[in-house]
Amino acid sequence: MADDNALPGRALPGLPGPPPPGASALPPGTYDGTVVLVTGGGTGLGKAIAAEFARLGADLVIASRKEDRLKAARDELTALGGRVTAAICDIRDPDRVAEVFDAAGEAYGLPDVLVNNAAANFPVPAEDMSPGAWSAVVDTTLTGTFLMTREFGRRHLAAGTPGSIIDVGASYAWTGGPGFAHSAAAKAGVKSLVETLAVEWGPYGIQVNGLVPGLMPHGDMTAEIRGNLDRARGVHDQRPADDMAARQPALRVGLPRELGWAATFLASPYARFITGHTLVVDGANWQRRGVVSPPVTTVREQLGRDPFEPFKGCPRREGRGSPAGAEEAPADSPVGPARPKARPNRSAEPGAARDSGADGQ
Ligand SMILES: CCC/C=C/C(=O)SCCNC(=O)CCNC(=O)[C@H](O)C(C)(C)COP(=O)([O-])OP(=O)([O-])OC[C@H]1O[C@@H](n2cnc3c(N)ncnc32)[C@H](O)[C@@H]1OP(=O)([O-])[O-]
Ligand SMILES: NC(=O)C1=CN([C@@H]2O[C@H](COP(=O)(O)OP(=O)(O)OC[C@H]3O[C@@H](n4cnc5c(N)ncnc54)[C@H](OP(=O)(O)O)[C@@H]3O)[C@@H](O)[C@H]2O)C=CC1
């Protein structure tokens with residue numbers, strides 16, 4: 001398969017590069033006779049994960065919405081050795097999810113490994129985010145992951161067979177993700193699912209782990225996500241936009257196969273006592289802190305957006321320090337009419353800043 005990432009050179013060494021494509025830490029044939037279902041396995045990191053399972057003998061089912069990409073990936077992955085089935089599926093649809101497991105069962109048997117890799121994402125300031133935008137990301141990333149997981153768990157519990165689930169996450173599950181409120185909330189939910197279900201299903205022999213990629217550029221990235229990487233220039237410094245490596249403690253980006261190797265380890269017999277864990281493969285980027293902090297810029301500035309305009313029909317409230325308090329809103333406003341003030345504005349009282357949150361230090 002094409003290795004679409006070159007390791008950029010730097011004066012400092014950074015973390016060493018990985019072994020070449022095709023290498024493996026696991027014995028050949030580790031996944032012989034094993035069925036692995038990868039959502040979003042037709043593109044990017046999902047395809048890279050699927051490739052490492054294929055090299056080790058797995059039969060694959062790759063599932064996503066777009067037939068053309070699935071078919072192209074199926075041909076690439078088949079060339080690595082295993083059998084590959086492409087299943088068209090929107091993971092937000094529980095009926096389609098069940099049908100994919102039926103099809104996998106008919107082709108090869110109940111999948112032994114489920115990799116929940118499919119997700120949706122685009123940067124948008126929270127104040128601009130429509131309910132539809134929120135749902136598109138949360139329903140795919142969190143609910144879709146749950147629906148796939150539930151189907152896998154139900155079938156294994158019914159059959160009395162063990163299994164392994166790997167949920168692909170993101171490090172802003174821990175930190176929050178300015179500009180990605182929907183995705184960060186969804187990935188935090190996915191991390192919680194990992195921790196919950198590892199305990200709930202451990203007694204039945206089902207492992208559940210998380211796997212978090214760092215910056216791993218690839219040729220299938222959406223224009224929105226690719227644009228977000230290119231946008232880095234001019235926000236904090238004037239370094240070339242394509243110098244992504246310089247922004248990583250490793251002084252290099254990750255390669256998709258490095259995620260694939262981690263996935264094949266987590267689902268392997270050598271990781272049988274690892275469950276409820278989320279493994280981060282990001283060269284420590286998410287723990288990055290400096291001696292000095294870069295200047296703060298708003299998400300709007302980073303995305304090059306104009307200042308926020310309040311929604312029509314929802315008048316801006318005066319600040320808490322305003323003697324007039326809240327402005328009267330019309331009765332049909334989404335916020336309703338302003339409530340009469342029951343007591344004096346506390347921010348005008350001496351010492352109010354101590355417990356007023358935003359005004360305090
Ligand atoms: C970088 C950090 C690490 C994480 C990386 C990753 O996760 S990488 C993985 C990244 N990979 C992927 O994401 C791959 C899959 N992603 C996709 O297929 C699309 O990005 C998708 C999620 C929009 C498709 O969902 P769908 O079929 O449901 O699409 P739909 O067209 O029906 O739109 C639904 C709603 O979203 C709204 N909306 C859309 N774009 C924007 C925007 N830029 N701004 C604001 N809003 C936007 C749109 O207006 C609509 O809302 P409305 O009008 O009803 O209120
Ligand atoms: N690339 C990176 O640097 C990072 C990636 N991640 C995570 O890694 C994973 C893979 O990302 P990456 O490979 O970069 O992204 P891609 O955009 O290449 O992959 C997303 C995949 O999800 C599939 N998908 C999207 N929506 C649905 C849906 N509703 N039902 C079924 N499949 C769907 C897409 O296929 P289709 O359009 O055919 O449905 C596509 O194959 C994601 O979980 C992402 O959040 C996390 C941190 C960083």
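Rules and cut-offs
Residues numbered from 1 in each chain as written. Chains lettered and ligands numbered in written order. Predicted model: local features only at pLDDT ≥ 70, side-chain atom pairs only at ≥ 80, totals over all residues. UniProt positions renumbered as here; feature names shortened; annotations may be inferred. Helix = DSSP H or I, 4+ residues; strand = E, 2+ residues; numbered from the N terminus. Buried ≥ 20, exposed ≤ 12 C-beta atoms within 10 Å, placed from the backbone. Near = placed C-beta within 6 Å. Nonpolar A, V, L, I, M, F, W, Y, C, P; charged D, E, K, R; others polar. Axes fitted to C-alpha atoms, helices over the stretch in contact; angles between N-to-C directions. Parallel < 35°, antiparallel > 145°, perpendicular 65-115°, else oblique. Left-handed = near helix turned anticlockwise from the far one by under 90°. Contact = placed C-beta atoms within 7 Å. Pairing = 2+ DSSP bridges. Core = buried A, V, L, I, M, F, W, Y, C linked by C-beta atoms within 7 Å.

Per an unreviewed UniProt entry, the protein is named Peroxisomal trans-2-enoyl-CoA reductase, and its organism is Streptomyces anatolicus. Per its UniProt entry, the protein bears the Pathway (unreviewed entry) comment "Lipid metabolism." Quoted verbatim from the Subcellular location (unreviewed entry) field of the UniProt record, the comment on the protein reads "Peroxisome".

A. Region of the structure containing the overall build of the protein. Helix and strand content of the protein: 9 helices and 7 strands. Considering the protein as a whole, with its 361 residues, one finds that 34% of them fall into the buried category.

B. Quick look at the site of ligand 2. Around ligand 2, a shell composed of 30 residues is seen, among which Gly40, Gly44, Arg65, Lys66 and Ala119 lie nearest. Elements supplying a minimum of two residues to the shell around ligand 2: α1 (44-55) and α4 (131-159). Broken down by element, the residue count for the shell around ligand 2 peaks at 3 residues, all from α1. Here the residues of the shell around ligand 2 are counted per class, giving 12 nonpolar, 12 polar and 6 charged.

C. Broad picture of the site of ligand 1. Every one of the 16 residues lining ligand 1 counts as a neighbour, but Ala120, Asn121, Ser130, Gly132 and Ala136 are closest to it. Those elements that place two or more of their residues in the shell around ligand 1 are α4 and α7 (223-230). The residue inventory of the shell around ligand 1, partitioned by class, reads 9 nonpolar, 6 polar and 1 charged.

D. Region of the structure containing the packing of α4 against helix α6 (residues 181-201). At a minimum axis distance of 8 Å, the contact between α4 and α6 shows a crossing angle of 15°. One finds that α4 runs roughly parallel with respect to α6. Crossing hand, α4 versus α6: right-handed. Residues Ala133, Trp134, Val137, Val138, Thr141, Leu142, Thr145, Phe146, Thr149 and Gly153 of α4 form the contact with α6, whose participating residues are His182, Ser183, Ala185, Ala186, Lys187, Gly189, Val190, Leu193, Leu197 and Trp201. Here the residues of the contact of α4 with α6 sort into 12 nonpolar, 7 polar and 1 charged.

E. Structural detail: the pairing of strand β2 (residues 59-64). Counting buried positions along β2 yields 6 of 6 residues, so the element is predominantly enclosed. Here β2 shows two buried faces, one formed by Asp59, Val61 and Ala63 and the other by Leu60, Ile62 and Ser64. For strand β1 (residues 35-39) and β2, the ladder comprises 5 bridges, and the chain directions are parallel. What sits directly across from Val35, in β2, is Asp59.

F. Structural view of the sheet that holds strand β7 (residues 278-281). Across the sheet, which stays open at both edges, the 7 strands sit in the order β3-β2-β1-β4-β5-β6-β7 with parallel pairing between neighbours. A strand with exactly one partner marks an edge of an open sheet, and here the two such strands are β3 (84-88) and β7. Sheet twist, expressed as the average angle between the axes of neighbouring strands with direction ignored, equals 20°. Where strand β6 (residues 206-213) and β7 come together, 4 bridges link them in parallel fashion.

G. How the structure looks around the nonpolar core. Of all hydrophobic cores here, the largest spans 67 residues; its most connected members are Val36, Leu60 and Ile62. Here this core takes 8 residues from α6, the largest share from any one element. Ignoring any residue separated from it by four or fewer positions in sequence, one finds Val36 in contact with Tyr31, Phe53, Ala58, Leu60, Pro111, Val113 and Val115.

H. Up close: the UniProt feature "domain: Ketoreductase" (unreviewed entry) in the protein. As recorded in UniProt, the sites labelled "domain: Ketoreductase" (unreviewed entry) are residues 34-204. Summarising residues 34-204: 54% helix, 15% strand, and an end-to-end C-alpha distance of 19 Å.

I. Expanded view of the packing of helix α3 (residues 94-107) against α4. Interaxial distance between α3 and α4 falls to 10 Å at its minimum, and their mutual angle equals 45°. One finds that α3 runs oblique with respect to α4. Seen along the crossing, α3 lies across α4 with a hand that is right-handed. Contacts between α3 and α4 involve Pro94, Val97, Ala98 and Phe101 from the former and Leu147, Met148, Glu151 and Arg155 from the latter. Tallied by class, residues from the contact of α3 with α4 come to 6 nonpolar, no polar and 2 charged.

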